[in-house]
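Letter by letter, the chains look like this.
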Amino acid sequence: MNERAFGTKEVSKALKVGDSTLRKWCIALEKEGYTFTKGVRNSRAFIQKDIVVLKDIKLLLQESGMNLESTVKVTLAKHHSENINDSDSDNGERTPLFLQENGSKLSDNTLIEYTKVQEQLLERVERLKNIEEKLDYRNKLLLETRQEIQDTKKVIAVTREKKWWEFWK
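Predicted, not measured: the structure shown is a model, and the values here were computed from it.

Q: Explain a nonpolar patch on the surface to me, please; I cannot follow it from the model alone.
A: A cluster of nonpolar residues, Leu128, Ile131 and Leu135, forms a patch on the protein surface that exposes about 260 Å² of accessible area. Along the chain, Leu128 falls in helix α5 (residues 108-161).

Q: What exactly am I supposed to notice about the pattern of salt bridges here?
A: Where charged atoms from two side chains of opposite charge come close, those side chains can pair. Within this structure, the stated rule accounts for seven salt bridges. With a shortest N-O distance of 3.4 Å, Glu10 and Arg4 are connected by a salt bridge. Its salt-bridge partner being Glu69, residue Lys73 comes within 3.7 Å of it at the nearest N-O pair. In this pair, Lys73 and Glu69 both sit in helix α4 (residues 68-90), four residues apart, roughly one turn of the helix. One network of salt bridges, with partners in common, ties together Glu30, Lys38 and Arg44.

Q: I would appreciate a short explanation of helix α3 (residues 48-64) in the present structure.
A: Residues lying three or four places apart along an α-helix face the same way, a consequence of the helix completing one turn every 3.6 residues. With 17 residues, α3 should reach 24 Å at 1.5 Å per residue; the first-to-last C-alpha distance of 24 Å fits that figure. Among all positions in α3, only Asp50, Ile51, Val53, Leu54, Asp56, Ile57, Lys58, Leu60 and Ser64 are buried. Just past α3, the residue Gly65 takes up positive phi, approximately 75 degrees.

Q: Looking at this structure, I do not really get unusual backbone geometry. What am I missing?
A: Note on backbone geometry: most residues besides glycine have negative phi, and most peptide bonds are trans. A positive phi angle, near 60 degrees, is found at Lys16, a position not held by glycine. Within the fold, Lys16 resides in the loop between α1 (8-15) and α2 (19-31). Here Asn42, not a glycine, exhibits a phi torsion of approximately 60 degrees, which is positive. Since its relative accessible area comes to 56%, Asn42 is described here as exposed.

Q: What is the right way to read the side chain of Thr71 from this model?
A: Within the element layout of this structure, Thr71 appears in helix α4. Relative accessible area serves as the criterion here: at 0%, Thr71 is assigned to the buried category. At a separation of 2.8 Å, a polar atom in the side chain of Thr71 contacts the main-chain carbonyl oxygen of Asn67. Non-local contacts of Thr71, meaning those with residues more than four positions away in its chain, are made with Ile57, Leu60, Leu61 and Met66.

Q: Before we go on, may I ask you to explain α1 in this structure?
A: Buried within α1 we find Val11, Ser12 and Leu15. Down the axis of α1, the sector holding all buried residues measures 95 degrees, keeping them to one side. Facing away from the buried side of α1 by over 90 degrees, the exposed positions are Lys9, Lys13 and Ala14.

Q: When you look at the packing of α1 against α2 in this model, what are you seeing that I'm missing?
A: Packed helices, taken two at a time, are described by the angle their axes make and the gap between the axes. In contact at an axis separation of 9 Å, α1 and α2 are set at 100 degrees when each is read in the N-to-C sense. Between α1 and α2, the interaxial angle falls into the category roughly perpendicular. Within the contact between the two elements, α1 uses Thr8, Lys9, Val11, Ser12 and Leu15 and α2 uses Asp19, Leu22 and Trp25. The class makeup of the residues in the contact of α1 with α2 is four nonpolar, two polar and two charged.

Cut-offs used in this document
- Residues numbered from 1 in each chain as written.
- Predicted model: local features only at pLDDT ≥ 70, side-chain atom pairs only at ≥ 80, totals over all residues.
- Heavy atoms only, no water.
- Patch = residues over 30% accessible without salt bridge, like charges linked within 9 Å, V, L, I, M, F, W, Y side chains within 5 Å.
- Areas by Shrake-Rupley, 256 points an atom, 1.4 Å probe, with all protein chains shown as cover.
- Salt bridge = Lys/Arg side-chain N within 4 Å of Asp/Glu carboxyl O.
- Helix = DSSP H or I, 4+ residues; strand = E, 2+ residues; numbered from the N terminus.
- Expected span 1.5 Å × (residues − 1).
- Buried < 20%, exposed > 50% of the residue type's maximum accessible area, 1.4 Å probe, protein only.
- Polar contact = N/O pair within 3.5 Å; in protein donor to acceptor, adjacent residues only side chain to side chain.
- Contact = heavy atoms within 4.5 Å.
- Arc of directions from axis to C-beta.
- Axes fitted to C-alpha atoms, helices over the stretch in contact; angles between N-to-C directions.
- Parallel < 35°, antiparallel > 145°, perpendicular 65-115°, else oblique.
- Nonpolar A, V, L, I, M, F, W, Y, C, P; charged D, E, K, R; others polar.

Given below as structure tokens:
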């Protein structure tokens, strides 16, 4: 079965990133042993699994604040473990999503390391969400306090305008 391949322009437009950003991500993936299908003039042709990997990289970069190299490693580890799970459920041999340059699968130690990094990232994301909620609550309190101060200033201004002999009026 032939899968439809997409060009760099189409993928960058779909991911809402620039061509140069997409190229940078692809180079980082290739440094980790990920291979892309090559099209005309040896250009990258993106198939569906490539687009999924790139979407995951984009999300992880946005949510975690990690550098590109770490993000790529975590994403590849995630997709590698998903591929292993898929092949277990199929009861058949499947080619892993990515191979290292020497052609061997990732070592168990590397996979464990990637999994740990991924767990740390998820913890960071949770902490960031908690911080964001606390900041929202703080901002709400600040706005309420500011409004109370303005109301109090208005009351003080009105009472200062009255003369001392008009106090009991």
